Amino acid sequence: MVQIIAEIGCNHKGDVEIAKELISVAARVCKANVAKFQKRNNIELLSADQYEAPHPVPANSYGDTYGAHREALEFTPDQHQELLDHCRSERIEYSTSVWDLTSAKQMAALNPRLLKIPSATNLHWSLQEWLCRNYDGEIHVSTGMTTRAEISEIVDFYEKFDRAKDLVLYSCTSGYPVAFEDICLREIETLREHYGDRVKAIGFSGHHLGIAADVAALALGVEYVERHFTLDRTWKGTDHAASLEPDGLRRLVRDLNHVEQALTFKREDILPVEQVQRDKLKWQDSTSEAA
């Protein structure tokens, strides 16, 4: 059954209560399967110059510097535990992306069923090695801004640690938002052809507008669909414009579930629903040679 991930990310504006509301809406209104966040150790990720530099888009900044902006959007491990507990109470799976080794260790300690490696850090080998050796859950990896040779290297890496069957590989174009001609859905076919029998599953992480491309991704064989999710696309922040609001995510979940039900072969030559019409409408020529 297709799994739909509501990528809340940092769309909570650094407010735990907004994060909980996003979880509740994703679960109750939208019927998503997973609510996913992000965890960064900004001192580990950013150089001193990057930390002290101004945000490249000041209108989106939550602090005087880029580092202060990033810190304003971070939750502590205890707050992530609070969010995980809230997910359990709402009967939706909790997950988070981990951007660095410190964050990976902190979030693995919460023992979620799945953790995500974002496109930006999918070549961070020491981070992924630690997860392979110390975390038993699924490891989901996005492949945005990644060459085909690097994707092959990623799969080889997980096979070396005998963890490829816990790996979910996502087709992804890194952009906010992504134009339709840059979604490149047929890359899903490439991932399935080369790695479908080597990894646990293929997923699709979309940063585009609308929901049509996600339905096509399902038809191409993905088992996970991830979309950014917000309560209000006009809120301050980089990701809101490329996110779905509650009604959009609700419609996406509905359409994906309906299309998945439709993606079957006939169970028998004449379905019961057809037999009624056959008996009433089908021409039967008793004088023909076939008869």
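Shown above is the structure to which this text applies.
First things first, this report covers the structure right here in the doc.

### Digging into the overall build of the chain
Turning to step 1, where the next piece is worked out: Across its full length, the chain carries 12 helices and 8 strands.
Turning to step 2, where the next piece is worked out: Along the three orthogonal principal directions, the C-alpha set of the chain runs to about 90 × 45 × 40 Å.
Turning to step 3, where the next piece is worked out: Contacts in the chain between residues far apart in sequence, at least 24 positions, make up 67% of those at least 6 positions apart.
Turning to step 4, where the next piece is worked out: Across the chain, the centroid of the 33 positively charged side chains sits 4 Å from that of the 46 negatively charged ones.

### Points about the pairing of strand 6 (residues 167-172)
Turning to step 1, where the next piece is worked out: Of all 6 residues making up strand 6, 6 are buried, and the element is well covered by its neighbours.
Turning to step 2, where the next piece is worked out: Covered by surrounding structure in strand 6 are Leu167, Leu169 and Ser171 together with Val168, Tyr170 and Cys172, the residues of both alternating faces.
Turning to step 3, where the next piece is worked out: Pairing geometry for strand 5 (residues 138-142) and strand 6, over 4 bridges, is parallel. Each bridged residue has a counterpart across the sheet, and for His140 the counterpart in strand 6 is Val168.
Turning to step 4, where the next piece is worked out: Between strand 5 and its parallel partner strand 6, the chain crosses via helix 8 (residues 148-160), and the hand of that crossover is right-handed.
Turning to step 5, where the next piece is worked out: Sheet topology places strand 6 next to strand 7 (residues 201-206); 5 bridges connect them, and they run parallel.

### Regarding the nonpolar core
Turning to step 1, where the next piece is worked out: Counting residues in each nonpolar core, the largest one holds 68 residues, and the members touching the most others are Leu131, Tyr158, Leu169, Phe229 and Leu249.
Turning to step 2, where the next piece is worked out: At 8 residues, helix 1 (residues 16-28) tops the list of elements feeding residues into this core.
Turning to step 3, where the next piece is worked out: Listed in part, the 6 residues of the second largest apolar core include Ile5, Val168, Ala201 and Tyr224.

### Looking at the pairing of strand 7
Turning to step 1, where the next piece is worked out: Buried residues dominate strand 7, accounting for 6 of its 6 residues.
Turning to step 2, where the next piece is worked out: Side chains Ala201, Gly203 and Ser205 project from strand 7 onto one buried face, and the interleaved Ile202, Phe204 and Gly206 project onto a second face that is buried too.
Turning to step 3, where the next piece is worked out: Relative to strand 8 (residues 224-228), strand 7 runs parallel, the two sharing 4 bridges. Bridge pairing links Gly203 to Tyr224 in strand 8.

### Side note on the pattern of salt bridges
Two side chains with opposite charge may pair up if their charged atoms get near one another.
Turning to step 1, where the next piece is worked out: Scanning the model with the defined rule gives 22 salt bridges in all.
Turning to step 2, where the next piece is worked out: With its nearest N and O atoms 2.5 Å apart, the salt bridge here joins Glu187 to Arg148. One end of the pair, Glu187, is in helix 9 (residues 187-195); the other, Arg148, is in helix 8, with 39 residues separating them in the sequence.
Turning to step 3, where the next piece is worked out: Taken together, the shared-partner salt bridges in this structure form one network comprising Glu7, Lys36, Lys116 and Glu226.

### Examining the side chain of His80
Turning to step 1, where the next piece is worked out: Examined against the element boundaries, His80 turns out to sit in helix 5 (residues 77-90).
Turning to step 2, where the next piece is worked out: Residue contacts for His80: discarding those within four places in its chain leaves Phe37, Gln38, Lys39, Phe75, Tyr94, Thr96, Met107 and Leu110.

### Looking at the environment of Ser126
Turning to step 1, where the next piece is worked out: With respect to the helices, strands and loops of the structure, Ser126 is situated in helix 7 (residues 125-134).
Turning to step 2, where the next piece is worked out: A polar contact of 3.3 Å, which involves the side chain of Ser126, links it to the side chain of His124.

### Regarding the packing of helix 7 against helix 8
Turning to step 1, where the next piece is worked out: The contact between helix 7 and helix 8 brings their axes to 11 Å, and the two run at 35°. Viewed along their axes, helix 7 and helix 8 form a crossing whose handedness is right-handed. Contacts between helix 7 and helix 8 involve Trp125, Gln128, Glu129 and Cys132 from the former and Glu153, Ile154, Phe157 and Tyr158 from the latter.
Turning to step 2, where the next piece is worked out: For the contact of helix 7 with helix 8, the residue count by class is 5 nonpolar, 1 polar and 2 charged.

### Looking at the packing of aromatic side chains
Turning to step 1, where the next piece is worked out: In this structure the tally under the stated criterion is 5 aromatic pairs.
Turning to step 2, where the next piece is worked out: For the ring pair Trp125 and Phe157, a centre distance of 4.9 Å and an interplane angle of 35° mean the geometry is tilted. Pair noted here: Trp125 is in helix 7 and Phe157 is in helix 8, with a separation of 32 residues, a long-range link.
Turning to step 3, where the next piece is worked out: Given the relative accessible area of 26%, Trp125 is considered partly exposed.
Turning to step 4, where the next piece is worked out: For Phe157, a relative accessible area of 8% puts it in the buried group.
Turning to step 5, where the next piece is worked out: Each ring, one from Phe157 and one from Phe161, has its centre 5.0 Å from the other, and the planes form 55°; the classification is tilted.
Turning to step 6, where the next piece is worked out: Put simply, the rings of Trp125, Phe157, Tyr158 and Phe161 touch in pairs and so form one group of aromatic residues.

### Section: unusual backbone geometry
Of all residues except glycine, most have a negative phi; of all peptide bonds, most are trans.
Turning to step 1, where the next piece is worked out: Each neighbour pair has its own omega, and for Tyr176 with Pro177 the value is -5°, a cis peptide bond.
Turning to step 2, where the next piece is worked out: Within the secondary structure, Pro177 is located in the loop between strand 6 and helix 9.
Turning to step 3, where the next piece is worked out: Of note in the backbone geometry, Arg91 takes a positive phi value of approximately 60° without being a glycine.

Conventions adopted
- Residues numbered from 1 in each chain as written.
- Predicted model: local features only at pLDDT ≥ 70, side-chain atom pairs only at ≥ 80, totals over all residues.
- Heavy atoms only, no water.
- Helix = DSSP H or I, 4+ residues; strand = E, 2+ residues; numbered from the N terminus.
- Contact = heavy atoms within 4.5 Å.
- Lys, Arg positive; Asp, Glu negative; His and termini not counted.
- Charge placed at Lys NZ, Arg CZ, Asp CG, Glu CD.
- Buried < 20%, exposed > 50% of the residue type's maximum accessible area, 1.4 Å probe, protein only.
- Pairing = 2+ DSSP bridges.
- Right-handed = clockwise from strand over helix to strand, strands pointing away.
- Core = buried A, V, L, I, M, F, W, Y, C linked by side-chain atoms within 4.5 Å.
- Salt bridge = Lys/Arg side-chain N within 4 Å of Asp/Glu carboxyl O.
- Polar contact = N/O pair within 3.5 Å; in protein donor to acceptor, adjacent residues only side chain to side chain.
- Axes fitted to C-alpha atoms, helices over the stretch in contact; angles between N-to-C directions.
- Left-handed = near helix turned anticlockwise from the far one by under 90°.
- Nonpolar A, V, L, I, M, F, W, Y, C, P; charged D, E, K, R; others polar.
- Phe/Tyr/Trp six-rings, centres within 6.5 Å; stacked < 30°, edge-to-face > 60°.

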